[in-house]
2 protein chains.
Amino acid sequence: MNAKEKALVEAKANVLKALGHPTRLWMAEQLADGEKCVCELVENIDADFSTVSKHLSILKQAGVVIDEKRGKQVYYRLKVPCILQFMPCIEAVIQATAQTHIDLMK
Amino acid sequence: MNAKEKALVEAKANVLKALGHPTRLWMAEQLADGEKCVCELVENIDADFSTVSKHLSILKQAGVVIDEKRGKQVYYRLKVPCILQFMPCIEAVIQATAQTHIDLMK
DNA sequence: AAAACGTTTGGTTGTTTTACCAAATAAGAA
DNA sequence: TTCTTATTTGGTAAAACAACCAAACGTTTT
């Protein structure tokens, strides 16, 4: 593996890692329906405002979302919506894994 | 978000997290061509045998790979190959992100 | 049975991540 | 201008992760 390949795999892993946290994945899924302000996301999750903000900044630096300030609020939306297309496959992984997990799909 | 939804998003995040490490992502990509034994993976990467083994066990517990012992060797293969289908999208995220990253694709 | 091989496991240490709190900032309302 | 409101930033402590080494394990080979 040369330096360029290494840098590429690191960059890709970084995107997956950004999505690899329940709160961040949930947020990305929320944004599938369209942009949301931070306050809307905070409302629907049991977490501190600052925690949510930090998670969003991780998604942002990974290139998953972009933000736009309008008035007092900051709106986030998916930058590259295709990232949610692989959820069915992820669910297939879970399905294939353990009996206890299969229940999650029902 | 109820308990079941929460458990599902956690399970999905766990799969993404497993792939969210350069070494593990690289391994998963290697396995796209077919099964490999641990030694073959170790050979092609600059890491300790035990480190590789631990990464593989993380991929295994996430449901990404399965292993099979044959003789002295343990062979790993992708359990649900579709997980590599989303690499083009991940690359699109990288493309869309920063000028410096675009070079990685060339 | 002993030695060698391929792999996993346990332990340790340093690094990273996470969550919360408090303080700072920026914009709109009073 | 002062006062909220919405969000980010900085700090800190606890938990999780990663890499290496050494030891243990299960198979084959001798």
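Preceding this section is the structure that the text describes.
Attention here is on the structure that accompanies the text. Not measured: the values here are computed from a predicted model. (Residues numbered from 1 in each chain as written. Chains lettered and ligands numbered in written order. Predicted model: local features only at pLDDT ≥ 70, side-chain atom pairs only at ≥ 80, totals over all residues. Heavy atoms only, no water.)

Examining the relation of the copies chain B and chain A
No. 1: Each copy of the sequence occupies a distinct position, and chain B is placed on chain A by a rotation of 180° and an axial shift of 0.0 Å, giving an RMSD of 0.1 Å. The operation mapping one copy onto its partner corresponds to a two-fold rotation axis.
No. 2: Most of the interface of chain B is mirrored in chain A, where 100% of its interface residues again form contacts. (Least-squares fit on C-alpha atoms with pLDDT ≥ 70 in both. Contact = heavy atoms within 4.5 Å.)

Describing the nonpolar core
No. 1: Judged by nonpolar contacts, the single largest core of 70 residues is most densely connected at Val64(A), Ile83(A), Phe86(A), Leu19(B), Val64(B), Ile83(B) and Phe86(B).
No. 2: Setting aside residues up to four positions removed in sequence, Ile83(A) forms contacts with Leu19(A), Val64(A), Leu78(A), Cys89(B) and Val93(B). (Core = buried A, V, L, I, M, F, W, Y, C linked by side-chain atoms within 4.5 Å. Buried < 20%, exposed > 50% of the residue type's maximum accessible area, 1.4 Å probe, protein only.)

Some thoughts on the sheet that holds strand β2 (residues 65-70) of chain A
Residue and element names in this part refer to chain A.
No. 1: Within the open sheet, the three strands sit side by side as β1-β3-β2. Their pairing is antiparallel. Of all the strands in the sheet, the pair left with one neighbour each is β1 (36-37) and β2.
No. 2: Where β2 and strand β3 (residues 73-78) come together, six bridges link them in antiparallel fashion. Residue Glu68 lies in a different strand from β3, and its bridge partner there is Tyr75. (Pairing = 2+ DSSP bridges. Helix = DSSP H or I, 4+ residues; strand = E, 2+ residues; numbered from the N terminus.)

Concerning the sheet that holds strand β2 (residues 65-70) of chain B
No. 1: Within the open sheet, the three strands sit side by side as β1-β3-β2 (chain B). Their pairing is antiparallel. Each having just a single partner strand, β1 (36-37) and β2 of chain B make up the two edges of the open sheet.

Side note on the protein's contact with DNA strand C
No. 1: Surrounding DNA strand C, one finds 22 residues, the nearest of these being Lys17(A), His55(A), Cys39(B), Ser53(B) and Lys54(B).
No. 2: Backbone sugar and phosphate groups make up 67% of those atoms of DNA strand C lying within 4 Å of the protein.
No. 3: Residue Val74(B) places a main-chain N or O atom 3.2 Å away from a phosphate oxygen belonging to DNA strand C.
No. 4: For the surface near DNA strand C, the residue count by class is six nonpolar, eight polar and eight charged. (Near = heavy atom within 4 Å. Polar contact = N/O pair within 3.5 Å; in protein donor to acceptor, adjacent residues only side chain to side chain. Nonpolar A, V, L, I, M, F, W, Y, C, P; charged D, E, K, R; others polar.)

Let's talk about the state of the cysteines
No. 1: This model, assessed by the stated rule, comprises four disulfides over all chains.
No. 2: The partner cysteine of Cys37(A) in its disulfide is Cys39(A), sulfur to sulfur 2.5 Å. With the S-S dihedral at roughly -75°, the linkage between Cys37(A) and Cys39(A) falls on the left-handed side.
No. 3: The class for Cys39(A) is partly exposed, based on a relative accessible area of 27%.
No. 4: Here Cys89(A) is linked by a disulfide to Cys82(B), with a sulfur-sulfur distance of 2.1 Å. Disulfide Cys89(A)-Cys82(B): torsion about the S-S bond near 95°, hence right-handed. Of the two residues, Cys89(A) is situated in helix α5 (residues 87-97) and Cys82(B) in the loop between β3 (73-78) and α5 (87-97); the pairing between them involves two chains. Summarising the burial analysis for this pair, Cys89(A) and Cys82(B) share the class buried. (Disulfide = S-S within 2.5 Å.)

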